[in-house]
Every structure is written in C-alpha cells, then in structure tokens.
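The chain contents come next:
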Amino acid sequence: MITYTKAIKGKKRAPGVIPLHGPEGFAGMRKAGNLTARALDMLAGHVRPGISTAELDRLAYEFACDHDAIPATIFYRGYRHSICTSINHVVCHGIPGNKILREGDIINIDLTLIHEGWHGDSSRMYAVGKISTRASRLIRITYESLARGIKAAVPGNTTGDIGAAIQQYAESQRASVVRDFVGHGLGTLFHDEPNIMHFGTPGSGPELKPGMIFTIEPMINLGRPHVKVLSDGWTAVTRDRSLSAQCEHSIGITEEGNEIFTLSPAGLFNPQEPGPQALKS
C-alpha cells in the first residue's frame, strides 16, 4: 500500500511513506539546486585534456566551501570525495583520483550540495575535446531520455510512466537502460521515497502528486545494460566495456506539471546544445 504524508522538516517518517513538500521545501530546493547547477557550470571551464579528476574534485569542494554548502557525498557510507567522476565505460560512482582526462573522453560528473539543509542533486556529461560520433550519439540519446522522463513527470501519471518513457525511447535508438541504479526522492534527506526506475510499465508504481520531489537520472549504455561494481565497492562499469552516459535533474511535482530545480544558469547542462535550458513540462 502506498502512503503519502505532508513533509515536516526534522520530523521522522515511517519507511515507505512518500513525503509531499510545501512551499518551504520547493524554496529550499530551488536554492540548493541552483547552487549545484552553478558548481557544475564552473567545472565546465576546467574539463579539458590533461586535468586530473582529483583536481576537479578539489574545485568542487572549494566551490562548496565558498558558498556555505557541504558536498553530500563526503563520508557518505565511507566515500571521501565531493563528486563522482565516471569516464567512458564507467556507468556511475567513479572515484576521483590521479586519472588524467584525455582527448576524446566523455565524463559524467555527479554532485550533490547541501545548502541550508536541502540537497541539490544533479549530474551531467562533459566532452573532453573532440569526441567520437558514437560518443556524441550516446550523449544525445541520454539527454533525450531524460527529457522524455521529465515530460512524463506530471500529476496523475505514475513513476512507471517515467520509466517507460525513458526505456521506450532509449531502446528505440538501439541503446540500453541500466537497471541496477535508480532515481530517488530527496529534500532534507539525501535519499528518500520514492524510487524512480528508468524502465518499467506505463501506469505502474506510485501516482505522482503535487509536492513530491525526486531525481530522474537515467544511465544509458551503447551496449548491453549489465554492469559490475569494482573491488573499490563504488565504481560501476559496463560488463561489455561499452560506452555509458548519464544525466540527472532534481525536480518537484507541481499542480501544473513539474519544476526543475537544477537547470544550468549558464545554459551548459547539455554539452551538445549549449544555451537556454527549457526542460519544463
């Protein structure tokens, strides 16, 4: 049985209950989401051949410190970095380190900043110099998959409608959707109800109601959808070593449709279509 409840900051809820946020929650998420988007915009000027992922991590941490924010991933389940850096066949949760970016790489940077108690969670793709046609095609498919998922995120639809929209498009383009990782509710918690699968059946899952806040973050592979997690316990890679891409927004369901909290102020969310961001339903 699906249960919804009014979200009250600082009040504990029973497991499995979906919180419905009011104006305070949406205002907090706007600030946190905007700050995260600005940090990712800043990193766009540094993603280039020759830079290390550790340096990108340092830049993100300094941005957070300078803007009264905390990276949510630091010490989360033992993780010790501000961002995740997933390159080429890494699906998600790549760990920053001495890895040097090379011409032709594609990299996903995932960042969650906590600002005034609210979590702004977003990830986007970056092209390192000139990339291959295959890599460019994968990024296009991934961003269109997210756009279709967001378009389906309206009151009266279900979480299954979001997943079905993403899956149907990605598979129509001869790509595959990773099943092992999902979007999630968030707000004053990093991970909350509901889970948002990026595949599924129309009409299945919880009904979308105004006040719900969650991420949509499809991971799309050019090969098969299967992944494995490396011995570090974090880095997930494609089993067939095919290229993988991901993009993510934090959104809230409104009476009219949805609001995207993590739109890029500089219009840099999609590396292939820079300019004003118009992903609104």
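Our structure is the block above this text.
Below: a short report on this structure. (Residues numbered from 1 in each chain as written. Predicted model: local features only at pLDDT ≥ 70, side-chain atom pairs only at ≥ 80, totals over all residues. Heavy atoms only, no water.)

Examining the pairing of strand 16 (residues 249–253)
Alright, step 1. The buried count for strand 16 comes to 5 of 5 residues, which makes it a mostly enclosed element.
Alright, step 2. Neither face of strand 16 is left uncovered, since the one carrying His-249, Ile-251 and Ile-253 and the one carrying Ser-250 and Gly-252 both have all their residues buried. (Buried < 20%, exposed > 50% of the residue type's maximum accessible area, 1.4 Å probe, protein only. Helix = DSSP H or I, 4+ residues; strand = E, 2+ residues; numbered from the N terminus.)

Describing the nonpolar core
Alright, step 1. With 36 residues, the main nonpolar core has Ile-106, Ala-153, Ile-162, Phe-214 and Ile-216 as its most contacted residues.
Alright, step 2. Residue assignment for this core shows that the elements contributing at least two residues are strand 2 (17–20), helix 3 (133–151), helix 4 (159–172), strand 11 (213–216) and strand 16.
Alright, step 3. Per element, the largest residue contribution to this core is 7 residues, and it comes from helix 3.
Alright, step 4. Residue contacts for Ile-162: discarding those within four places in its chain leaves Gly-149, Ala-152, Ala-153, Ile-196, Leu-208, Phe-214 and Ile-216. (Core = buried A, V, L, I, M, F, W, Y, C linked by side-chain atoms within 4.5 Å. Contact = heavy atoms within 4.5 Å.)

Observations regarding helix 3
Alright, step 1. In this model, helix 3 (19 residues) spans 27 Å end to end at C-alpha, consistent with the 27 Å of a helix rising 1.5 Å per residue.
Alright, step 2. The set of residues buried in helix 3 consists of Ala-135, Leu-138, Ile-139, Ile-141, Thr-142, Tyr-143, Ser-145, Leu-146, Ala-147, Gly-149 and Ile-150. (Expected span 1.5 Å × (residues − 1).)

Thoughts on the packing of helix 3 against helix 4
Alright, step 1. Axis separation between helix 3 and helix 4 bottoms out at 8 Å; the angle between their running directions is 150 degrees. When the interaxial angle is binned, helix 3 and helix 4 end up roughly antiparallel. The chirality of how helix 3 crosses helix 4 is right-handed. On helix 4, the residues touching Arg-140, Ile-141, Glu-144, Ser-145, Arg-148 and Gly-149 of helix 3 are Ile-162, Ala-165, Ile-166, Tyr-169 and Ala-170.
Alright, step 2. Within the contact of helix 3 with helix 4, the residues separate by chemical class into 6 nonpolar, 2 polar and 3 charged. (Axes fitted to C-alpha atoms, helices over the stretch in contact; angles between N-to-C directions. Parallel < 35°, antiparallel > 145°, perpendicular 65-115°, else oblique. Left-handed = near helix turned anticlockwise from the far one by under 90°. Nonpolar A, V, L, I, M, F, W, Y, C, P; charged D, E, K, R; others polar.)

A short note on the packing of aromatic side chains
Alright, step 1. For the structure on display, the rule yields 4 aromatic pairs.
Alright, step 2. Look at Tyr-79 and Trp-234: their rings are 5.0 Å apart centre to centre, the planes differ by 70 degrees, and that puts the pair in the edge-to-face class. Residue Tyr-79 is found in the loop between strand 3 (70–71) and strand 4 (83–87), and its partner Trp-234 is found in the loop between strand 13 (227–229) and strand 14 (236–238); the two are separated by 155 residues along the sequence.
Alright, step 3. If you follow Lys-209 out to its NZ or CZ, it ends over the ring of Tyr-4, 5.1 Å from the centre. (Phe/Tyr/Trp six-rings, centres within 6.5 Å; stacked < 30°, edge-to-face > 60°. Lys NZ or Arg CZ within 6 Å of the ring centre and 35° of its normal.)

Considerations on the pattern of salt bridges
Alright, step 1. Taken as a whole and assessed by the stated rule, the structure comprises 8 salt bridges.
Alright, step 2. Between Glu-144 and Arg-148 there is a salt bridge whose closest N-O contact spans 2.8 Å. Separated by 4 residues within a single helix, Glu-144 and Arg-148 lie in helix 3, roughly one turn from each other.
Alright, step 3. Exposure remark for Glu-144: the relative accessible area of 29% places this residue in the partly exposed category.
Alright, step 4. You can call Arg-148 partly exposed: its relative accessible area is 39%.
Alright, step 5. Notably, a salt bridge pairs Lys-209 with Glu-207, separated by 3.9 Å at the nearest N-O pair.
Alright, step 6. In the salt-bridge network here, residues are joined through shared partners; they are Glu-55, Arg-58 and Glu-62. (Salt bridge = Lys/Arg side-chain N within 4 Å of Asp/Glu carboxyl O.)

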